[in-house]
Amino acid sequence: FEENILDACLFLMDKAELELSGRGNPVKICRVASAVINSKDDNGVIAGSWDNTYTYGVAPSAWTGSVDILLEYYSSKQPVRYGQCWVFAGVFNTFLRCLGIPARLITNYSSAHDNNANLRLDFFLDDEGKVDTKLTKDSIWNYHCWNEAWMTRPDLPVGFGGWQVVDGTPQETSDGMYRCGPASVQAIKHGHVCFQFDAPFVYAEVNSDIVYSRREKNGTQVIEKIDTTHVGQLIVTKEVGGDGMMEITEDYKFQEGSKEERLALETAVMYGVKKQTTQDIVYQPQTDVDMDFQVQKAVIGSDFKVTITFRNKSRNSYTATTYLSGNIVFYTGVTKNEFKKHSFSAKLAPSSSSAFDVVIKSSEYLSDLLDQASFHFFVTARINETGKILAVQKATILEIPNLRIKTQGEMVAGKEMSVTVEFTNPLKQTLENVTLRLEGPGVLRTMKKEFRQIPMNSTLIWEVKCIPKVPGLRKLIASLNCDALRHVYGELNVQIQKP
């Protein structure tokens, strides 16, 4: 509802060449918009970049809102650089709401990117139980953001209206273009993936199984473990009337392991989402030993530990050769590099639990960190007595310091007020070429400021004067961005009084 946003959104429909008669149809609007939000194949609004280099553009984590992006595109007619999934989803949300289509943002944690919709992600292990990166092609995004738009679906049988998944992030093509949806959430929950659009892809994102397998010397493939609960662990949206999150996993799938959930899976398979058969493959999991691990919560720049726990439920003594691999990953699950390798032998006494700590030092990870300070830990253990392999993987993220936003004086529409942004550098190094952005719809247009250096432990303070236009509850959002530290945010709700 900011100035010129409506014009920019109407321009997008011209750009997508949506005929005027189709502009009253939310199914068509969502379909063409999900393609025009990304720049692939039609020079759309945002160019995606997932490789940590954002020269000649803005890092995806630095944007504070969709106004700047839409207005820049409207004036330059060139793709705005750069976005990742939450940026595509944020801009798409503004577009939909601007045109009167109710919309919300969805985040799916442990989101599968299944390249061939066979409802399984294959992780191949070598003889030692380490992941074979050459063979493993599927990936699991730490999270993925898309949108839901609310509409009737006169093109589908009764009961499939309501929330529909639409996704502007370019992942796979649909009818020849990078777009996704609208796909009925209700249809996905019940496995009715025959109803358009792109339901099988979305179904796989929230419901794939992870299959860990390795080839024996004689060529047989042995499945070591099938994990049916890792993907789509938690699906959330913002709560109504607050800044907290509301869990909506139940909208997308029945309780894991329930009869209904298995039935939905069988329905999806019947409708042609391929579930590979495992007849030719040996599957004998190790049942009497459980392994899991926990990663200690840690702030960026500090050491932390990973605790690996075994539970031996049998009456036998076992020894486990255990291998921990720590990788720095893009949030799309793609590994940049392995920064930690640690092997040890664990003695597992009968009918007991044992825990082992592995310390991760900040000096081991700091030089290679990517945007979101996210790690992926993979722990595999071979039970020497039986030859069985246990495998567990988890993504984790370091806590990143916040920006503090404060206001001074009275906050009245039409009167000058002052906003201060503060930040203390937590790293053991000087931050260089730091950009701060501050935005507050209805309070102030986006402002930017560059700082050459912030020495370690020192605090930067930026004060801005502005005149709020509109009374009511408003939000101020700030971001800080530099090569060594990204994804630093702060936000503050402010109540602007009537004059």
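Residues numbered from 1 in each chain as written. Predicted model: local features only at pLDDT ≥ 70, side-chain atom pairs only at ≥ 80, totals over all residues. Heavy atoms only, no water.

**Q** Just to check I follow, could you spell out the environment of Gly162 for this structure?
**A** Position of Gly162 among the secondary structure elements: in strand S6 (residues 162–167). Owing to a relative accessible area of 12%, Gly162 belongs among the buried residues under this scheme. (Helix = DSSP H or I, 4+ residues; strand = E, 2+ residues; numbered from the N terminus. Buried < 20%, exposed > 50% of the residue type's maximum accessible area, 1.4 Å probe, protein only.)

**Q** Can you walk me through the sheet that holds S6 in this structure?
**A** The strands that make up a sheet are held in pairs by hydrogen bonds between backbone atoms, and each pair lies either parallel or antiparallel. Strand order across the open sheet formed by six strands is S9-S6-S5-S3-S12-S13, with antiparallel pairing between neighbours. In the strand order of this sheet, the two ends are held by strand S9 (180–184) and strand S13 (245–247), each with one partner. Pairwise comparison of adjacent strand axes, ignoring direction, gives a mean angle of 30° for this sheet. Both strand S12 (residues 234–238) and S13 contribute to a ladder of three bridges, which runs antiparallel. When the sheet's bridge partners are listed, Lys238 is paired in S13 with Met245. Where helix H4 (residues 85–98) meets the sheet, it contacts strand S3 (103–113), strand S5 (139–151) and S6, and its direction lies at approximately 0° from that of S5. Sheet strands touched by helix H6 (residues 199–207): S3, S5, S6, S9 and S12. Its angle to S3, the strand with the most contacts, is close to 65°. (Pairing = 2+ DSSP bridges. Axes fitted to C-alpha atoms, helices over the stretch in contact; angles between N-to-C directions. Contact = heavy atoms within 4.5 Å.)

**Q** Would you mind showing me how to read the sheet that holds strand S19 (residues 352–360) here?
**A** In spatial order, the strands read S15-S16-S19; together these three strands make up an open sheet with antiparallel pairing. The two strands at the open ends of the sheet, each matched to only one other strand, are strand S15 (289–295) and S19. With direction set aside, neighbouring strand axes in the sheet form an average angle of 15°. Pairing between S15 and strand S16 (residues 304–312): seven bridges, direction antiparallel. Each bridged residue has a counterpart across the sheet, and for Asp292 the counterpart in S16 is Thr309.

**Q** What am I meant to see in the layout of surface pockets here?
**A** Its boundaries defined by the atoms lining it, the second largest pocket holds a volume of some 590 Å³. Lining the second largest pocket are 29 residues, and of these Val131, Thr133, Asn327, Thr335 and His376 lie nearest its centre. Broken down by secondary-structure element, the contributors of at least two residues to the lining of the second largest pocket are S5, strand S17 (318–329), strand S18 (335–348), strand S20 (374–383) and strand S21 (389–397). Residue assignment places the lining of the second largest pocket across two domains, with domain 1 (5–271) and domain 2 (289–397) each supplying three or more. (1 Å grid on protein atoms, 1.4 Å probe; cavity = no way out; pocket = protein on both sides within 12 Å on 5 of 7 lines; lining within 4 Å. Points joined across faces, edges and corners; volume = space filled by probe spheres on them. Domains from an automatic or database assignment.)

**Q** Quick question: what am I supposed to make of the packing of helix H1 (residues 5–15) against helix H3 (residues 67–76) here?
**A** For any two helices packed against each other, the geometry comes down to the angle between their axes and how far apart the axes lie. Between H1 and H3, the shortest axis-to-axis distance is 9 Å and the interhelical angle comes to 55°. On the basis of their axis angle, the class for H1 and H3 is oblique. Remark: the crossing between H1 and H3 carries left-handed chirality. The segment H1 lies against H3, with Ile5, Asp7, Ala8, Cys9, Phe11, Leu12 and Lys15 engaging Val67, Leu70, Leu71, Tyr73 and Tyr74. Of the residues contributing to the contact of H1 with H3, the split by class is 10 nonpolar, no polar and two charged. (Parallel < 35°, antiparallel > 145°, perpendicular 65-115°, else oblique. Left-handed = near helix turned anticlockwise from the far one by under 90°. Nonpolar A, V, L, I, M, F, W, Y, C, P; charged D, E, K, R; others polar.)

**Q** How should I be thinking about the domain arrangement of the protein chain in this particular structure?
**A** Interface size is commonly expressed as the accessible area that is lost once the parts come together. As far as domains go, the protein chain holds domain 1 (5–271), domain 2 (289–397) and domain 3 (404–496). Relative placement of domain 2 and domain 3: their C-alpha centres are 38 Å apart. Listed by partner, the interface residues are six residues for domain 2 and six residues for domain 3. On inspection of domain 2 and its partner domain 3, the count reaches zero salt bridges. Linking domain 2 to domain 3 there are one residue pair in polar contact (both at pLDDT 80 or more). (Salt bridge = Lys/Arg side-chain N within 4 Å of Asp/Glu carboxyl O. Polar contact = N/O pair within 3.5 Å; in protein donor to acceptor, adjacent residues only side chain to side chain.)

**Q** Would you mind showing me how to read helix H8 (residues 259–270) here?
**A** Spacing of three or four residues puts side chains on the same side of an α-helix, whose turn is 3.6 residues. Relative to the 16 Å expected for 12 residues at 1.5 Å per residue, H8 spans 16 Å between its end C-alpha atoms, a close match to the ideal helical length. Taken residue by residue, H8 has Glu261, Ala264, Leu265, Thr267 and Ala268 as its buried positions. Looking straight down H8, one finds its buried side chains confined to an arc of 160°; they lie on one side. In this structure, H8 carries Lys259, Leu263, Glu266 and Met270 as exposed residues pointing more than 90 degrees from its buried face. (Expected span 1.5 Å × (residues − 1). Arc of directions from axis to C-beta.)

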